[in-house]
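Residues per chain, in single letters:
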Amino acid sequence: MSRNEPRWTQTWLGGVRAAGVDLGYPGERLGLPEQGSGSIAGWGRRVAALVIDWMICTWVVVQLVLRMNPAESPWAVAVVFAVQYALLVGLMGQTFGHRLAGIRVAALDGGDPRLLPVLIRTLLVSLAVPALIWDRDHRGVHDRASNTMVVRM
């Protein structure tokens, strides 16, 4: 083995990028820019949007509007989250958290997603696990199943 070749542990632990394979930037295969408006949203923005939406659902809607204790009815927060997610993404292409984080959900053609993909996406986001499995374009299982992507505004 020459000094220029990576050790097998580098490719196993670090992935193919550690071995020197160039996969391009996230979104390149989709024809999106590398940075700026229309580029794939990073995980920081996506997590921030999720946390903001979850806090709005928990504190504002469930506690203040519905007058329920989330500790006694944890299902209420999940239902409110799913309903607000489906409505807001279906009508506006983004939730309040997405808006504050500067991102939106888009169909693969760049337009707003249609109703059925939004419902599929909402169901999978509500399950959480599909959102934790993603590809090199930062698209989770929920994005791939609904033919959507999350882009910067």
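Small disclaimer: the values here were computed from a predicted structure and weren't measured.

### Some words on the packing of helix H2 (residues 43-65) against helix H3 (residues 74-92)
1) Next: The interhelical angle for the contact between H2 and H3, taken along N-to-C directions, is 115°, at an axis separation of 9 Å. The interaxial crossing formed by H2 with H3 has right-handed handedness. Here Leu50, Asp53, Trp54, Cys57, Thr58, Val61 and Val62 of H2 lie close against H3, whose contacting residues are Ala76, Val77, Ala78, Val80, Phe81 and Gln84.
2) Next: For the contact of H2 with H3, the per-class residue count stands at 10 nonpolar, 2 polar and 1 charged.

### Topic: the environment of Ile40
1) Next: In this fold, Ile40 is placed in the loop between helix H1 (8-18) and H2.
2) Next: A residue is classified by how much of its surface remains accessible, and Ile40, at 10% relative accessible area, is buried.
3) Next: When the C-alpha positions of Ile40 and Val151 are compared, they lie 4.4 Å apart, and in sequence the two are 111 residues distant.
4) Next: Residue contacts for Ile40: discarding those within four places in its chain leaves Pro26, Gly27, Leu30, Leu32, Asp137, His138, Met149, Val150, Val151 and Arg152.

### Examining the pairing of strand E2 (residues 148-152)
1) Next: Of all the 5 residues making up E2, 4 are buried; the element is thus mostly covered by neighbouring parts of the structure.
2) Next: As judged from the 5 bridges shared by strand E1 (residues 103-107) and E2, these two strands associate in the antiparallel manner. Residue Arg104 lies in a different strand from E2, and its bridge partner there is Val151.

### What about the nonpolar core?
1) Next: Grouped together as the largest cluster of nonpolar side chains are 16 residues, with contacts concentrated most on Tyr85 and Ile103.
2) Next: Sorting the residues of this core by element identifies H2, H3, E1 and helix H5 (115-127) as the ones contributing at least two each.
3) Next: If one sorts the elements of this core by residue count, H3 sits on top with 6 residues.
4) Next: Excluding residues that lie within four positions of it along the chain, Ile103 makes contacts with Ala41, Arg45, Arg46, Ala49, Gln94, His98, Val150, Val151, Arg152 and Met153.

### Examining the environment of Gly102
1) Next: Mapped onto the secondary structure, Gly102 falls in the loop between helix H4 (96-101) and E1.
2) Next: Residue class for Gly102 comes out buried when judged on its relative accessible area of 17%.
3) Next: Here the alpha-carbon distance between Gly102 and Met153, two residues 51 residues apart in the chain, equals 5.4 Å.
4) Next: Once residues lying within four places of it in the same chain are set aside, the contact partners of Gly102 are Arg45, Val151, Arg152 and Met153.

### So, the pattern of salt bridges
1) Next: On inspection of all chains with the given rule, the structure shows 6 salt bridges.
2) Next: A salt bridge links Arg46 to Asp143; the shortest N-O distance between them is 2.9 Å. Separated by 97 residues along the polypeptide, Arg46 in helix H2 and Asp143 in helix H7 (residues 141-146) bring together distant segments of the chain. Take Arg46 and Asp143: they sit in the same class, and that class is buried.
3) Next: Close ionic contact of Arg104 with Asp112 constitutes a salt bridge, the shortest N to O distance being 3.9 Å.
4) Next: When salt bridges with common partners are traced through the structure, they connect Arg29, Asp135, Asp137 and Arg144 into a single cluster.

### A word on H5
1) Next: With 13 residues, H5 should cover 18 Å at 1.5 Å per step; its first-to-last C-alpha distance of 19 Å lies within 8% of that length.
2) Next: In the core, the buried residues of H5 are packed alongside H2, H3, E1, helix H6 (129-132), H7 and E2.
3) Next: Just downstream of H5, Ala128 is the residue with a positive phi angle, here 70°.

What counts and how
- Residues numbered from 1 in each chain as written.
- Predicted model: local features only at pLDDT ≥ 70, side-chain atom pairs only at ≥ 80, totals over all residues.
- Heavy atoms only, no water.
- Axes fitted to C-alpha atoms, helices over the stretch in contact; angles between N-to-C directions.
- Helix = DSSP H or I, 4+ residues; strand = E, 2+ residues; numbered from the N terminus.
- Left-handed = near helix turned anticlockwise from the far one by under 90°.
- Contact = heavy atoms within 4.5 Å.
- Nonpolar A, V, L, I, M, F, W, Y, C, P; charged D, E, K, R; others polar.
- Buried < 20%, exposed > 50% of the residue type's maximum accessible area, 1.4 Å probe, protein only.
- Pairing = 2+ DSSP bridges.
- Core = buried A, V, L, I, M, F, W, Y, C linked by side-chain atoms within 4.5 Å.
- Salt bridge = Lys/Arg side-chain N within 4 Å of Asp/Glu carboxyl O.
- Expected span 1.5 Å × (residues − 1).

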